[in-house]
Amino acid sequence: MPVDESTFGARIRELLQPFAASFSGSLGRGDLVIPRSEIERVVREILSAARDAANENAEVSELELFRFLSDTRRLGSVQDQASRLLARFVVRERR
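Rules used throughout
- Residues numbered from 1 in each chain as written.
- Predicted model: local features only at pLDDT ≥ 70, side-chain atom pairs only at ≥ 80, totals over all residues.
- Heavy atoms only, no water.
- Helix = DSSP H or I, 4+ residues; strand = E, 2+ residues; numbered from the N terminus.
- Buried < 20%, exposed > 50% of the residue type's maximum accessible area, 1.4 Å probe, protein only.
- Contact = heavy atoms within 4.5 Å.
- Axes fitted to C-alpha atoms, helices over the stretch in contact; angles between N-to-C directions.
- Left-handed = near helix turned anticlockwise from the far one by under 90°.
- Nonpolar A, V, L, I, M, F, W, Y, C, P; charged D, E, K, R; others polar.
- Patch = residues over 30% accessible without salt bridge, like charges linked within 9 Å, V, L, I, M, F, W, Y side chains within 5 Å.
- Areas by Shrake-Rupley, 256 points an atom, 1.4 Å probe, with all protein chains shown as cover.
- Salt bridge = Lys/Arg side-chain N within 4 Å of Asp/Glu carboxyl O.
- Polar contact = N/O pair within 3.5 Å; in protein donor to acceptor, adjacent residues only side chain to side chain.
- Core = buried A, V, L, I, M, F, W, Y, C linked by side-chain atoms within 4.5 Å.

## A word on the overall build of the protein chain
When you go through the protein chain residue by residue, the secondary structure sums to four helices and zero strands. Along the chain direction, N to C, the helices and strands of the protein chain fall in the order α-α-α-α. Looking at the protein chain as a whole, 16% of its 95 residues are labelled buried. Pairs at least 24 apart in sequence give 48% of the contacts found in the protein chain among residues at least 6 apart.

## Re the packing of helix α3 (residues 62–72) against helix α4 (residues 78–88)
Here α3 crosses α4 at 145 degrees, and the two axes come no closer than 10 Å. The handedness of the crossing between α3 and α4 comes out as right-handed. For the pair formed by α3 and α4, the contact residues are E64, L65, F68, L69 and T72 on the first element and Q81, R84, L85 and R88 on the second. The residue makeup of the contact of α3 with α4, split by class, is four nonpolar, two polar and three charged.

## As for a nonpolar patch on the surface
Taken together, the side chains of L32, I34, I39, V43 and L47 define a hydrophobic patch exposed on the protein surface, amounting to about 380 Å² of accessible area. Residue position: I34 is located in the loop between α1 (5–16) and α2 (39–54).

## Considering the environment of V42
Assignment of secondary structure puts V42 in helix α2. In this structure, the C-alpha to C-alpha distance between V42 and L15, residues 27 residues apart in sequence, is 7.6 Å. Not counting chain neighbours up to four residues away, the residues in contact with V42 comprise L15, L16, F19 and I34.

## Regarding the environment of D71
Mapped onto the secondary structure, D71 falls in helix α3. Look at D71 and you get partly exposed, because its relative accessible area is 47%. The spatial distance from the C-alpha of D71 to the C-alpha of Q81 is 9.4 Å, given a sequence separation of ten residues. A distance of 3.4 Å separates polar atoms of two side chains, one belonging to D71 and the other to R74.

## Quick look at the environment of P35
With respect to the helices and strands, the residue P35 is situated in the loop between α1 and α2. By relative accessible area, P35 is classed as partly exposed at 38%. A sequence separation of 16 residues divides P35 from F19, and the C-alpha atoms of the two residues are 8.4 Å apart.

## As for the nonpolar core
I12, L15, L16, F19, V42 and A49 form the largest nonpolar core, which has six residues in total. Top contributing element to this core by residue count: α1, with three residues. Residues in contact with F19, not counting those within four places in the same chain, are D31, L32, V33, I34, P35, E38, R41 and V42.

Taken by themselves, the reported measurements are silent on function.
In C-alpha cells, the structure reads:
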C-alpha cells in the first residue's frame, strides 16, 4: 500500500511545530531550532511516523477513506472508482 503523504506530512509538521523558530521565521519557511538534547527523541518520532505510514497491515482511518472516496467520486464510472480504490488500499473481506 502506498504511503499516504498528506497524513505522513501532517504528522511530521505536528512533530516539528514546537521547534519552529518564531524569532527569525516560521516552520512554513523551514526555520527550526531543535535543542541538542531533543534531537534523538525527534529522530525516533520521525522514524516511528515513517514506520506507521509504511505499515501495510494498518487499517485506514475513516477520514482518510472519506477523503479518498470523495476524490474518486468525480471519476466517470464505478469501474474506475473501484480500480483506483483497489490500487490505493488493500481490501480484505471480514467474516
